[in-house]
Structures are given as structure tokens and as C-alpha cells.
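Inside the fold
Letter by letter, the chains look like this.
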Amino acid sequence: MLNAARMTIKNTGVSIQNQFFYLQNFITSPRTMGTLMPSSPWLCHAMLSQIDWATSLEIAELGAADGVLTRRILSRMRADAKLEAFEIQPAFVRKLNQMDDPRLQVMAHSAEHMSTQYDAVFSCLPLLSMPVRTSIRILQATRQQLKEKDGVLVLFQYSHLSEKLLSRYFTWKKIRVVKNFPPALVYICKPR
């Protein structure tokens, strides 16, 4: 029982440390961070369940943060697949670069500058918090870089207010994930 208590304290310490790291980055740059806490396992599962992992070989993640979703993407990817994780916060870029997986390439610049054709793009970017022009450029780049036949963008937002913007470039459906703080909407988007 003592070992279980120690494990709980240890796990809580890591969780508190991780939440403090998010809070620090949110205070530093709230327009690009968009959240105070990492995505829940339920939100990650809802996002990752939207693509065919057997055929998705070229994958991007926009706003990878400290790698909560990144690690889960890598665990589902085929050995011959590639993941480009876009992140502009230097502290998060350092954390992502510590991941030891040859399939991962950390892109320390804005997703506006994507240049690969992707089967799937996952986005954790706070579209409503960013400048409108930046959101538009990222959505345009995503639409252009998705493979025409089966490419899919899976993103989450905390509000339905981005739907009008999404509708300019994609047809979409959404699901609600209540086991997240705050509850989130997952959008599954196909290029128009």
C-alpha cells in the first residue's frame, strides 16, 4: 500500500509539473497557446479514431505543444510512416526534440509554411485565439497540402465559432468530447 501511495504522489508531481509548464507557456503567449491544460486521453482518442492508420503514411500535427498527442500518433503509426510536428513555442520545441523516434520530424515554424502532401493532419491550434489572417493562411495551407482523394484534417476547438471559417475550406462533421477540460469539439474535415 505504501508503494501505491508513493506512485500516486510521483504521478501527481509529474502531472502538476506538466500543468505548471502549460500555465507558464499560456501566460507567455496566450494567443498561440490557447489552453491551460494538455489534451485528455479521451480527446486524443476521439481525434485519432478518425483516420485509417493502415494507409496514412504522411501525417502532420499542428500545434504539437509538449507532445501529448504526438506520442499517441507515433504509437499508432506504421513503421514506414512519417510525422511532421509543427510547433512555434521554443520550450515545447525542446521537449519534442527529446523524443527518440526516427519517424518524427519537429518543424520549429508556423504551419503556414507546410510543404509536404499529407494523408492526415491533426490540429490542436486555437483558431479563434490567433490573428484571423494567420488562421486563414494555416487553413489554406492545410487544404492545399492534403492529398486530394482521402486527405483529412482532424482538429479540436473549444467553441463552435470557428465553423464559419472552417466551412470556407472544408466540409466537416463534429463530435463533442465532454471528458476534457474544457469540453471540446472534434471536427473531421475534408477539403472542398
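Residues numbered from 1 in each chain as written. Predicted model: local features only at pLDDT ≥ 70, side-chain atom pairs only at ≥ 80, totals over all residues. Heavy atoms only, no water.

Describing the pairing of strand β5 (residues 152-157)
- Counting buried residues in β5 gives 6 out of 6 residues, a clear majority hidden from the surface.
- The side-chain alternation of β5 yields two buried faces, one formed by V152, V154 and F156 and the other by L153, L155 and Q157.
- Pairing of strand β4 (residues 120-123) with β5 involves 4 bridges; the strand directions are parallel. The residue bridging S123 from the neighbouring strand is L155, located in β5. (Buried < 20%, exposed > 50% of the residue type's maximum accessible area, 1.4 Å probe, protein only. Helix = DSSP H or I, 4+ residues; strand = E, 2+ residues; numbered from the N terminus. Pairing = 2+ DSSP bridges.)

Some thoughts on the confidence of the model for the chain
- Here the chain shows a mean pLDDT of 87. Residues at 70 or above account for 81%.
- Across residues 1-14 the pLDDT falls below 50, and counting only partners more than four positions away or on other chains, this stretch makes 0 contacts in the model.
- Note that residues 30-34 has pLDDT below 50 and, in this model, 17 contacts with residues that lie over four places away or in other chains. (pLDDT = per-residue confidence, 0-100. Contact = heavy atoms within 4.5 Å.)

Digging into the nonpolar core
- Counting 32 residues, the largest nonpolar core has M47, W53, L69, I73, M77, F122 and V186 as its most contacted members.
- Looking at this core, the elements that each hand over two or more residues are α3 (41-48), α4 (68-76), β2 (82-86), α5 (90-97), β3 (104-107), β4, β5 and β7 (184-191).
- For this core, the leading source of residues is α3, giving 5 residues.
- When near neighbours in sequence (up to four residues on either side) are disregarded, I73 contacts L48, W53, I59, E61, L83 and F122. (Core = buried A, V, L, I, M, F, W, Y, C linked by side-chain atoms within 4.5 Å.)

Overview of the packing of α3 against α4
- Closest axis-to-axis distance for the α3/α4 pair is 10 Å, and the angle between their directions is 45°. Classified by the interaxial angle, the pair formed by α3 and α4 is oblique. Where α3 crosses over α4, the two elements pack in a sense that is right-handed. The segment α3 lies against α4, with P41, C44, H45, M47 and L48 engaging V68, L69, R72, I73 and R76. (Axes fitted to C-alpha atoms, helices over the stretch in contact; angles between N-to-C directions. Parallel < 35°, antiparallel > 145°, perpendicular 65-115°, else oblique. Left-handed = near helix turned anticlockwise from the far one by under 90°.)

Some thoughts on the sheet that holds β3
- On the basis of which strands lie adjacent, the open sheet formed by 7 strands has the order β3-β2-β1-β4-β5-β7-β6 and mixed pairing. At either end of the open sheet lies a strand with only one pairing partner, and these are β3 and β6 (170-177). Taking the axes of each pair of neighbouring strands and ignoring which way they run, one obtains an average angle of 15° across the sheet.
- Sheet analysis places β5 next to β7, joined by 5 bridges and oriented antiparallel. Its bridge partner lying in β7, L153 is registered against C189.

Thoughts on the pattern of salt bridges
- This model, assessed by the stated rule, comprises 6 salt bridges.
- Residue D101 is joined to R103 by a salt bridge in which the shortest nitrogen-to-oxygen separation is 2.8 Å.
- Since its relative accessible area comes to 17%, D101 is described here as buried.
- Exposure remark for R103: the relative accessible area of 16% places this residue in the buried category. (Salt bridge = Lys/Arg side-chain N within 4 Å of Asp/Glu carboxyl O.)

Here we look at the pairing of β3
- Note: β2 against β3, 4 bridges, orientation parallel. The residue bridging F86 from the neighbouring strand is M107, located in β3.
- Handedness of the β2-α5-β3 crossover: right-handed. (Right-handed = clockwise from strand over helix to strand, strands pointing away.)

A look at the packing of aromatic side chains
- As enumerated under the stated definition, the model contains 3 aromatic pairs in all.
- Aromatic side chains F156 and Y158 sit 5.4 Å apart centroid to centroid with 70° between the ring planes, which places their arrangement in the edge-to-face category.
- The class of Y158 is partly exposed, set by a relative accessible area of 30%.
- When the ring of W172 is compared with that of Y187, the centres are 5.3 Å apart and the planes differ by 80°; the resulting orientation is edge-to-face. Placement of W172 in strand β6 and of Y187 in strand β7 is noted, with a sequence separation of 15 residues between them.
- Owing to a relative accessible area of 28%, W172 belongs among the partly exposed residues under this scheme. (Phe/Tyr/Trp six-rings, centres within 6.5 Å; stacked < 30°, edge-to-face > 60°.)

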